[in-house]
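Residue-level structural notes
Listed below are the residues making up each chain.
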Amino acid sequence: MSRLSEVLAAGRFAVTAEIGPPKHADARKVRELARLLAPCTDAQNLTDNQTAVVRLCSLAAAVHVREAGGEPVLQLTCRDRNRIALQSDLLGAASLGIENVLCLTGDHQKFGNHPQAKGVFDLDSVQLLAMARGMGEGRFLNGEEIKAPPRLFPGAAENPFAGPSAAFRAARLAKKARAGARFIQTQVVYDLAGFQAFMAAVRQLGNPVPVLAGVTPPKSARALKYMQGIPGFRVSEEALRRMEGASDPKEEGIRLAVELIRQLREVPGVAGVHIMAIGWEEAVPRIVEESGLMPRPEIQETDGIGGAA
Amino acid sequence: MIVAQAKPFPELAQMLQDARRVLVAGCGGCVAVCQAGGEQEARILAEAIRLWAGEQGRPMEARAVVVPRQCEPEWAQSLGPAMDEADVVVSLGCGVGVGFLAEVRPGMRVLPGLNTSFGGGTVSPGVFEERCRMCGDCVLGRTGGICPVARCAKNLWNGPCGGSADGRCEVDPQVSCAWHQIAQRLTARGETGFLEEIAPPKDWSTAGDGGPRRIVREDLAS
């Protein structure tokens, strides 16, 4: 069984973190980060060529994390794979004991280092979720039977701050839950009021799926301003003011993240936090500790290799 | 219509290095409407080729002709005699026109003078936008007349994605988010079912992924 699924099922406040695979073939850093993050988080996401920059593949990185004692969340995007490759990767992941799969449409190739690439986008994230659920139930997308169905714990992302409105984003979250998402990891939250409005809309829809709120400790005011420029990101004026006025910006960034996590825990319907500190993973253990989220719950290890027994 | 735009002249000139007698073939169809490949553009291009050749000190003839539509075999065939007098043909038709002219004289070099761009139209003077990707399975009835294939950068069926901000597409802020528009239009109509319904994966086999497409109309094929 997926450890993440058990933490969520037990109603414990979940903590996940992100690991960005390297732009080369040496995975020692991935294993090192898995060892750093495994004791303080319940699962570790492996990004799938995030921002469309070529990196070591998320499936291989997930295996490294697993072998290093972590609990991988395999991120899988529709940008680079059609339905044949996606289903193949889901079977492969399950065969390696990787159950947590974050189903994403993917960042557009325009933002990456190969903007001339042909984007696949055969399916979108909602269709990928539905397909993953169907496969878990023993059906390929075409309806053919899967003799040994993959054991999967599919999740999805949602951006509370994207258009057209918080209510619409909540409805889309509910749609993802209906399609098969068993957990949601959100875009980075700085604007607490905006996030609360989103969660109020999610609660109105009956809290259909556990929501892990995205948290990124800002390293500097500059980093925060950069994020502000990305479509769909919302950075609060207060966070910006605090980072600009900080004598030790990194310390202030950690303080901000810790305060946010404490506030997010109080938002009804929030089932955990997803800490995205790519390039600054060393900050994560401290953030988790100072947020009062240590120790992490003990979960009995069960054999998860292969198909559903 | 098929919207096209002229290839950069240096790219065309590169392909014309060895030419002596160039026929510039315009088309009176879509490319004339979008003022990329009609009679006037064909005349201007022939003149530009002559000027360029003159500057290079090359002996080169260039003449312009136009037919109503290069995508009609009869009209394409009618260019045969004029093509015989040239050694290189520059077609200002869309890709269909270039292909049909090349079929008229398979031994000749027929060069594309345009980059065929998309199925679209004029939204303001001099501005053309894509509206149709000719996917062979029209869904506009379900999406408020706004095409998620042609107008969403990620071809979403259950959008908008998390990069939709203030009604703009994350890929290009100049471009409206198609799903934002779909959501607004359908919500205004009171049709919010699209939010509930999980749109199933599209069958791309009609969209060119099933190989070159062919339609046989028995009622017309006699």
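This structure is a prediction, so every number in the text was calculated from the model and none was measured. Residues take numbers from 1 onward in each chain, read along the sequence in its written order. The order in which chains are written sets their letters, starting at A; the order in which ligands are written sets their numbers, starting at 1. With the structure being a predicted model, the display of local features is reserved for residues of pLDDT at least 70 and the display and counting of side-chain atom pairs for 80 or more, all residues being used for whole-chain, interface and lining totals. Side-chain numbers come from the whole structure's heavy atoms, not from hydrogens or water.

**Here's the deal with the pairing of strand S8 (residues 270-275) of chain A**
Residues and elements named next belong to chain A. Burial analysis of S8 places six of its six residues in the buried class, which makes it a mostly covered element. Paired strands, in this sense, are two strands between which DSSP finds at least two bridges. Where helices and strands are cited, they refer to DSSP runs of H or I of at least four residues and of E of at least two residues respectively, numbered from the N terminus. As defined by bridge partners, strand S1 (residues 14-19) adjoins S8 across four bridges and the pair is classed as parallel. Paired with Thr16 across the strands is His274, a residue of S8. Bridge count between strand S7 (residues 211-215) and S8: five bridges; the pairing is parallel. Paired with Val215 across the two strands is Ile275, which belongs to S8. Only protein chains enter the accessibility calculation, which uses a 1.4 Å probe; a residue is then buried when its area is under 20% of its type maximum, exposed when over 50%, and partly exposed in between.

**Considering the sheet that holds strand S7 (residues 127-132) of chain B**
Adjacent strands of a sheet pair through backbone hydrogen bonds, lying either parallel or antiparallel. Residues and elements named next belong to chain B. As summarised here, the arrangement of the three strands in space is S1-S6-S7, forming an open sheet in which the pairing is antiparallel. Every other strand in the sheet has two partners, leaving strand S1 (2-6) and S7 as the edge strands with one partner each. Sheet twist, expressed as the mean angle between neighbouring strand axes with direction ignored, is 70°. Both S1 and strand S6 (residues 114-124) contribute to a ladder of five bridges, which runs antiparallel. The residue bridging Val3 from the neighbouring strand is Phe118, located in S6. To get an axis, fit a line to the C-alpha atoms, keeping to the stretch in contact for a helix; angles then go from 0 to 180 degrees between the N-to-C directions.

**Concerning the domain arrangement of chain A**
All names here are of chain A. As far as domains go, chain A holds domain 1 (1-156) and domain 2 (159-292). As annotated, the domain borders come from an automatic or database domain assignment. Here the C-alpha centroids of domain 1 and domain 2 sit 21 Å apart. Note on contacts: a residue pair qualifies if any of its non-hydrogen atoms lie within 4.5 Å across the two residues. If you look at the interface, domain 1 gives 32 residues, while domain 2 gives 27 residues. Roughly 2500 Å² is buried in total at the junction of domain 1 and domain 2, and carbon and sulfur atoms are behind 66% of that figure. When the buried area of domain 1 at its contact with domain 2 is split by residue, Phe13, Glu18 and Ala156 rank highest and sum to 25% of it. Salt bridge criterion: a side-chain nitrogen from Lys or Arg within 4 Å of a carboxyl oxygen from Asp or Glu. Along the contact surface separating domain 1 from domain 2 lie zero salt bridges. Distance and chemistry together define a polar contact, namely a pair of N or O atoms within 3.5 Å, with one atom able to donate a hydrogen and the other to accept it when in protein, and with adjacent residues in sequence counting only for side-chain atoms on both sides. Here domain 1 is connected to domain 2 by 14 residue pairs in polar contact (both at pLDDT 80 or more). Those elements giving two or more residues to the side of domain 1 that touches domain 2 turn out to be helix H1 (3-9), S1, helix H2 (28-37), helix H5 (125-136) and strand S5 (153-158). With six residues, S1 is the largest single contributor of residues to the side of domain 1 that touches domain 2. A class-by-class count of the residues in the side of domain 1 that touches domain 2 yields 20 nonpolar, eight polar and four charged. Once two parts are put together, the accessible area they lose, assessed with a 1.4 Å probe and summed over both, is termed the buried area. Asp, Glu, Lys and Arg are counted as charged, while Ala, Val, Leu, Ile, Met, Phe, Trp, Tyr, Cys and Pro are counted as nonpolar; the rest, among them Gly, fall into the polar class.

**Quick notes on the packing of aromatic side chains**
Any pair of Phe, Tyr and Trp rings, taking the six-membered ring for Trp, is counted once the centres come within 6.5 Å. Such a pair is stacked with planes under 30 degrees apart, edge-to-face with planes over 60 apart, and tilted for the rest. Scanning all chains against the criterion turns up four aromatic pairs over all chains. Relative to Phe183 of chain A, the ring of Phe153 of chain A has its centre 5.3 Å away and its plane inclined at 20°; by these criteria the two rings are stacked. Taken together, the residues Phe153 of chain A in strand S5 and Phe183 of chain A in strand S6 (residues 183-188) connect sequence positions 30 residues apart. You can call Phe153 of chain A buried: its relative accessible area is 5%. Each ring, one from Phe195 of chain A and one from Phe198 of chain A, has its centre 6.1 Å from the other, and the planes form 40°; the classification is tilted. Placement of both Phe195 of chain A and Phe198 of chain A in helix H7 (residues 192-204) is noted, with a separation of three residues, approximately one turn of the helix. The ring of Trp204 of chain B carries the charged tip of Lys202 of chain B above its face, separated from the ring centre by 5.5 Å. Whether a charge lies above a ring is judged from NZ of Lys or CZ of Arg, which has to be within 6 Å of the ring centre and within 35 degrees of the ring normal.

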